[in-house]
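# Topology and contacts: notes
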Amino acid sequence: GENGMCGRAVRVGTRRSQLARIQTDSIVEMLRALYPKLHFEIVAMSTTGDKILDTALSKIGEKSLFTKELENALERNEVDLVVHSLKDLPTSLPPGFTIGAVCKRENPLDAVVFHPKNCGKTLSLLPEKSVIGTSSLRRAAQLKKKFPQLEFRDIRGNLNTRLKKLDEKEDFSAIILAAAGLKRMGWENRIGQLLNPEDCLYAVGQGALAVEVRAKDQEILDMVSVLHDADTVLCCIAERAFMKRLEGGCSVPVAVSTMLKDGQLYLTGAVYSLDGSDSLKETMQTSVNYPQQNEDGPNDDVQHVGITAKNVPGQAQEAAENLGVELASLLLSKGAKHILSVARQLNDA
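Residues numbered from 1 in each chain as written. Predicted model: local features only at pLDDT ≥ 70, side-chain atom pairs only at ≥ 80, totals over all residues. Heavy atoms only, no water.

Let us look at the overall build of the protein. Check the secondary structure of the protein and you find eleven helices and 13 strands. When each of the 349 residues of the protein is scored for burial, the buried share is 54%. A sequence separation of at least 24 residues applies to 73% of the contacts in the protein between residues at least 6 apart. When the accessible surface of the protein is totalled, it reaches about 15300 Å², and 48% of it is carbon and sulfur. (Helix = DSSP H or I, 4+ residues; strand = E, 2+ residues; numbered from the N terminus. Buried < 20%, exposed > 50% of the residue type's maximum accessible area, 1.4 Å probe, protein only. Contact = heavy atoms within 4.5 Å. Areas by Shrake-Rupley, 256 points an atom, 1.4 Å probe, with all protein chains shown as cover.)

Across all of its chains, the model carries zero disulfides by this definition. Free cysteine: Cys236, not disulfide-bonded; nearest cysteine sulfur from Cys235 at 6.6 Å. (Disulfide = S-S within 2.5 Å.)

What follows concerns the pairing of strand S1 (residues 9-15). Taking burial as the measure, the seven residues of S1 include five buried ones, the bulk of the element. Two elements, S1 and strand S2 (residues 39-45), share seven bridges in a ladder whose sense is parallel. The residue of S2 that forms the bridge with Ala9 is His39. Once the chain exits S1 it traverses helix H1 (residues 18-34) before rejoining the sheet at S2, and the crossover so formed is right-handed. Sheet analysis places S1 next to strand S3 (residues 81-85), joined by two bridges and oriented parallel. Bridged to Gly13 within S3 is Val82. (Pairing = 2+ DSSP bridges. Right-handed = clockwise from strand over helix to strand, strands pointing away.)

For the rest of this paragraph, the subject is the side chain of Thr98. Considering the arrangement of structural elements, one finds Thr98 in strand S4 (residues 97-102). Judged by its relative accessible area of 1%, Thr98 falls in the buried class. Polar side-chain contacts of Thr98 include one of 3.1 Å to the backbone oxygen of Gly306. There is a polar contact of 2.6 Å between the side chain of Thr98 and the side chain of Thr308. Residues in contact with Thr98, not counting those within four places in the same chain, are Leu93, Val211, Glu212, Val213, Ala215, Leu221, Gln303, Gly306, Ile307 and Thr308. (Polar contact = N/O pair within 3.5 Å; in protein donor to acceptor, adjacent residues only side chain to side chain.)

So, about unusual backbone geometry. In this structure, Asn77 is a non-glycine residue whose phi angle is positive, near 60 degrees. Examined against the element boundaries, Asn77 turns out to sit in the loop between helix H4 (68-75) and S3. Look at Lys129: it is not a glycine, yet its phi comes out positive at around 70 degrees. Along the chain, Lys129 falls in the loop between strand S5 (110-114) and strand S6 (131-133).

Turning to the sheet that holds strand S8 (residues 174-178), a few remarks are in order. Spatial strand order, S7-S6-S8-S5-S9: five strands in an open sheet with mixed pairing. Whereas interior strands pair on both sides, the edge strands pair on one side only; in this sheet they are strand S7 (151-153) and strand S9 (193-195). The mean angle between the axes of side-by-side strands here comes to 30 degrees, regardless of whether they run parallel or antiparallel. Pairing of S5 with S9 involves three bridges; the strand directions are antiparallel. Opposite Ala111, over in S9, you have Leu194 as the bridge partner. Sitting on the sheet, helix H5 (residues 137-146) touches S5, S7, S8 and S9, and the angle it makes with S8 is about 130 degrees. (Axes fitted to C-alpha atoms, helices over the stretch in contact; angles between N-to-C directions.)

A word on the sheet that holds strand S10 (residues 209-214). Sheet architecture is open: five strands sit in the order S2-S1-S3-S10-S4, paired in mixed fashion. In this open sheet, the two strands that pair with only one neighbour each are S2 and S4. Averaged over neighbouring strand pairs, the angle between their axes works out to 30 degrees when direction is ignored. Across the sheet, H1 touches S1, S2, S3 and S10, and the angle it forms with S2 is around 165 degrees.

Now for the packing of helix H9 (residues 230-246) against helix H10 (residues 314-333). Between two packed helices, what matters for the description is the angle formed by their axes and the separation of those axes. Packing of H9 against H10 leaves a shortest axis separation of 7 Å and a crossing angle of 35 degrees. Here H9 and H10 pass one another in a crossing that is right-handed. Contacts between H9 and H10 involve Leu234, Ile237, Ala238, Ala241, Phe242, Arg245 and Leu246 on the former and, on the latter, Ala316, Gln317, Ala320, Glu321, Leu323, Gly324, Val325, Leu327, Ala328, Ser329, Leu331 and Leu332. Its residues assigned to classes, the contact of H9 with H10 comprises 14 nonpolar, three polar and two charged. (Left-handed = near helix turned anticlockwise from the far one by under 90°. Nonpolar A, V, L, I, M, F, W, Y, C, P; charged D, E, K, R; others polar.)

Our focus in this paragraph is the nonpolar core. Leu86, Ile99, Val102, Phe242, Leu246, Val254 and Val271 are the most contacted members of the largest nonpolar core, which totals 52 residues. Only H4, S4, H9, strand S11 (254-261), strand S12 (264-272), H10 and helix H11 (336-348) provide two or more residues apiece to this core. A total of ten residues in this core trace back to one element, the largest contributor, which is H9. Not counting residues up to four positions away in its chain, the partners in contact with Ile99 are Leu86, Leu89, Leu93, Ala210, Val211, Glu212, Arg240, Gly306, Ile307 and Thr308. Membership of the second largest hydrophobic core comes to 20 residues, among which are Val12, Ile27, Ile220 and Met223. (Core = buried A, V, L, I, M, F, W, Y, C linked by side-chain atoms within 4.5 Å.)

Once that is clear, we can look at the pattern of salt bridges. The tally for this structure, following the rule as stated, stands at 15 salt bridges. For Asp25, the salt bridge is made with Arg21, and the minimal N-O distance between the two is 4.0 Å. Note that Asp25 and Arg21 are positioned in helix H1 at a spacing of four residues, about one turn of the helix. With relative accessibility at 30%, the residue Arg21 sits in the partly exposed group. With a closest N to O distance of 3.4 Å, Asp199 and Lys146 form a salt bridge. (Salt bridge = Lys/Arg side-chain N within 4 Å of Asp/Glu carboxyl O.)

As structure tokens, this is what we get:
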């Protein structure tokens, strides 16, 4: 596909934050290696989520906090593709857009970064009433339940800002961040404790990078599709389908964990009340062991929860999506809707 685009400049949209730039640079590097004749140009912009730093994310109530401005640029043909953290992308994309690539997932777990004076400790060893910073309702709900002796308080800002707040003030004993972001920034040495799924299930899509494109831009879609990692695609389709069926967003605590082993996809999903006292959690599995079929023809535009991945077997994607929907339906049949609507009302209040 490179020859048809030869000499064309491919413009890549990204947020301005340092982490967003590092993530975008890593994708552009992969594309440059694959398509040495193409010219890639990075276009950085600020989003609503980057500008409103004094309000909890869950209170702003806007699903596309970190994506809207980038999508506007994509719609106006000012950029050809946009790089996001997959967990920032809503499960329903605006019409005309699709996720054309989901790259191999970095560690999806949450990590605890401790104040220098608590170096070497774990959450269970912190003194009573220690304050833990997190801007995520999902993390707070799970950890409040597991560590009732600790206090959880909101902390906003990009990674640099949050680490600075932690290190330079005495307000927080520790903060919780995604391990993937710390690793990409080169700050892995700051991870004091990794939270296993038993302690804290992670966010839908956490650790994976997504490339969003115009659904009808076949050249760009074909170009980025080589970045798809099949295992990550299947895990994230299941997670996104689970979230979509529950109608969860960042204003309610919904959490997941996935594992692919021997052709079986395992999905654990949970919903929580804001204080974690009320929760539902279940695990289901399905086979995703299907051969790649030649699926040319009318199936060209098939999307699974916003993802277009023609190079991943269609039946496997379908099975992954059904798994997510079925697990969510099981939780809904056990009362998940009530837990989530109470969480939503309390959060709005």
